[in-house]
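One-letter residues, chain by chain:
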Amino acid sequence: MNESVLEKLKILAESARYDVSCSSSGTSRPNREGTIGSAAGWGICHSFAEDGRCISLLKVMLTNSCMYDCAYCINRRSNDIPRATLAVSELVDLTIEFYRRNYIEGLFLSSGIVRSPDYTMERLVRIVKDLRTVHRFNGYIHMKSIPGAGRELVQEAGLYADRLSVNIEIPKEESLKMLAPEKDFQSVFAPMRYIRDGVLQSAEERKRFRHAPRFAPAGQSTQMIIGATPETDNDILRVSSALYKRPTMKRVYYSGFVPVNGYDNRLPALKQPPLVRENRLYQADWLLRFYQFKVEEIVDDSYPLLDLEVDPKLAWALRHPECFPVDINRADYEMILRVPGIGVKSAKLIVASRRYGRLSAEQLKKIGVVMKKARYFITCNELPMLTVNELKPENVRRLLTQKKNRKQDDRQLILLFREQEQE
Amino acid sequence: MHIFIYDKTPEGLLTVVFDAYSRKIFPDLLLGEGEPLPLFHDEIYTVVTDEDKANRVWNALEKKLSKVALSMITVSWLSELPEIGLLLFRYIRKNIDAPCAVEMNFGDPDVLELSKIWKKVGQEKHRVQQFLRFQKAADGTYFAAMEPLYNVLPLNIAFLKDRFADQQWLVYDLKREYGYYYDLHEVIEVRFPEKEPHLLSGLLSEDIMDKDEILFQQLWKQYFKSIAVKERINPKLQRQFMPVRFWKYLTEKQG
Ligand code: SF4
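Quick look at the structure, then.

Definitions and limits used
Residues numbered from 1 in each chain as written. Chains lettered and ligands numbered in written order. Predicted model: local features only at pLDDT ≥ 70, side-chain atom pairs only at ≥ 80, totals over all residues. Heavy atoms only, no water. Helix = DSSP H or I, 4+ residues; strand = E, 2+ residues; numbered from the N terminus. Buried < 20%, exposed > 50% of the residue type's maximum accessible area, 1.4 Å probe, protein only. Contact = heavy atoms within 4.5 Å. Areas by Shrake-Rupley, 256 points an atom, 1.4 Å probe, with all protein chains shown as cover. Buried area = accessible area lost by both parts, 1.4 Å probe. Salt bridge = Lys/Arg side-chain N within 4 Å of Asp/Glu carboxyl O. Polar contact = N/O pair within 3.5 Å; in protein donor to acceptor, adjacent residues only side chain to side chain. Nonpolar A, V, L, I, M, F, W, Y, C, P; charged D, E, K, R; others polar. Disulfide = S-S within 2.5 Å.

Some words on the overall build of chain B
Stage number 1. What chain B contains, in helices and strands, is nine helices and eight strands.
Stage number 2. Projected onto its principal axes, the C-alpha coordinates of chain B cover approximately 65 × 45 × 40 Å.
Stage number 3. The proportion of buried residues among the 255 residues of chain B is 51%.
Stage number 4. Here the analysis covers contacts within chain B between residues at least 6 apart in sequence; of these, 66% occur between residues at least 24 apart.
Stage number 5. Carbon together with sulfur atoms contributes 56% to the accessible area of chain B, which is approximately 12100 Å² in total.

The following block contains the structure:
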């Protein structure tokens, strides 16, 4: 290892940074004698970069040379940028030495496509295999599965990686084909299927033989780019919802489009990545996974775009005043969860505490309910009845959005990654 | 107003509980030895910490409370907050007096307050796991120093021992001036009568570093810089997740 690695690391991290995922959760694996490290299960963010995003893994490409020409990607072959390739020993050293200093939870490895998808995939598999078997690395490994890679290689990757991912990037196939002529949905969805089959098969085998090998125990994730193509939030969230219905899909990430290739006029010229929209998509995604919302409750053909002004849960409540007010001391958990200003944690606290006696507005506040929002949607012991029904939804909306008229940087509203790690 | 004076140890607190019940007088205020007394008070009672009494109270609590409630007591004790003794006393008393434990009644101000402290200490514990940074010394020991808000190093020993099982390490609390050393077999608590410079600054000086340490620090700093997307720079968000008070000892934030 010497100074030349510095320059390579710079190039390859800059090439890898547009992949949003950095999660290290989903595998809990204590240290075993003779190995290095453990996996914490809940994921640990070790640092936060200047853009406020969590750094949990060493996110790096094996090489940023690529024979494909995807319009949205900094690494496309027609770009004149510095290219670099890490030697296997360099990659192994970086991972282990960073890990020993508690900089990272493990490695997130991806690569540009060199020669062929299978050739590239094989190189990646060899590295993660080496890390596990030769270097006895027991920390977290997330490996990108190369689009178009064959079943056997994906099968092998899953034996060593905690998580595998294949990025859809573009939610509709015609847009994908226009921007990434070498790719199609088949090349993305086939590896996703191989991963799912691998996980399910291993779970089945482990029922019979406790020692059967685990396959990608943290499942798979994917990513869609937001705002590079005309797809609506309805299109995007339908894809997410369909993906979450399949077993093993743990996370869908949304990446606000950063126009890295300004010269390509197939792409919109955005001054800034669509960060507010990205945040709303994460909130909607959250509703799908933890709040028991159906996708058609959040968006549909007549309402295809998320409201940028209010979060999707509040937007839903304002469209459905007939469901409110909710009686905090009586209603089911599911309905309490639907109240704007009440999150999963406070909903659970409410249900646990009300067994001891009726809850008052003051107690709700202490429990962590955002009363400023919730008050229009609930009744409890003594609250005066001035709910969304008496006030009318449009007035509640006005009351709740007023403050934002003060000049405020929208980016500062974004809180999305706080709970990112808790899957 | 009834005042009890105790030695500010967990055993002392449990003895307070025992004595209060046997005397049928309950403290309104708990003070450490030598702490200033308020102007008006009825009675001052000095508790003599007693292992046996403490154990009896703890055993009774173990029978009545869930694991979570017990951890709420032991973990929030590490907050070292001035009011923690009295708060815990009230919490324990409420649990003893109620026909069934009140541990989940977050409508009760003491239960809520304690659960908040418990969460804060838990968060600080997690932050040690996040932001602790080892530097490798020439003798092969990995050294890390921090100044956690609460006394949370002991809560992280199991984690560190498991994760860094095959390297020697020393983690050190600069504020409380003690630490833990792991010699590949066991973890022992350590205090140093003589303070080497790194026990004051928290950082190893170059002359006692491993020969590759500087290179890996540079690599990490380079990575930290390169991974940020320039179009999304957001220092406020960064600070929200990684409070500035940790930066002093973060490798990536060193000049
Ligand atoms: S295949 Fe991957 S690395 Fe290559 S241009 Fe497309 S997105 Fe970029």
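Here the narrative resumes.
Comments concerning the side chain of S187 of chain A
Residues and elements named next belong to chain A.
Stage number 1. Topologically, S187 is positioned in helix 6 (residues 185-208).
Stage number 2. Residue classification places S187 among the buried positions, given a relative accessible area of 13%.
Stage number 3. The residues contacting S187, other than those within four sequence positions of it, are P147 and G148.

Focus: the interface of chain A and chain B
Stage number 1. In this complex, chain A contributes 65 residues to the contact, which on the side of chain B involves 54 residues.
Stage number 2. Together, the buried faces of chain A and chain B total about 5700 Å²; carbon and sulfur atoms form 58% of this surface.
Stage number 3. For the pair chain A and chain B, the interface holds five salt bridges.
Stage number 4. At the boundary of chain A and chain B, one finds 28 residue pairs in polar contact (both at pLDDT 80 or more).
Stage number 5. When residues of the side of chain A that touches chain B are traced back to their parent elements, those giving at least two are helix 1 (4-16), strand 2 (39-40), strand 3 (47-48), strand 5 (57-61), helix 2 (88-100), helix 8 (275-290), helix 12 (344-353) and helix 13 (361-367) of chain A.
Stage number 6. Of the residues belonging to the side of chain A that touches chain B, the class tally is 34 nonpolar, 14 polar and 17 charged.

Overview of the pattern of salt bridges
Stage number 1. A full pass over the atoms with the stated rule returns 43 salt bridges over all chains.
Stage number 2. Across the pair R29 of chain A and D162 of chain A runs a salt bridge, and its minimum N-O distance is 2.9 Å. Pair noted here: R29 of chain A is in strand 1 (residues 28-29) and D162 of chain A is in the loop between helix 4 (151-160) and strand 8 (163-165), with a separation of 133 residues, a long-range link. Here R29 of chain A matches D162 of chain A in class, with each residue buried.
Stage number 3. One salt bridge connects E50 of chain A with K253 of chain B, and the closest N-O pair in it is separated by 3.4 Å.

So, the state of the cysteines
Residue and element names in this part refer to chain A.
Stage number 1. For the structure on display, the rule yields one disulfide over all chains.
Stage number 2. Here C45 pairs with C54 through a disulfide, and the sulfurs are 2.2 Å apart. Every disulfide takes its handedness from the sign of the S-S torsion; for C45 and C54 that torsion is -105°, giving left-handed.
Stage number 3. Residue C54 is classed as buried on the basis of its relative accessible area, which comes to 7%.
Stage number 4. Of all cysteine sulfurs in the structure, the one in C380 sits closest to C323, which takes part in no disulfide; the separation is 19 Å.

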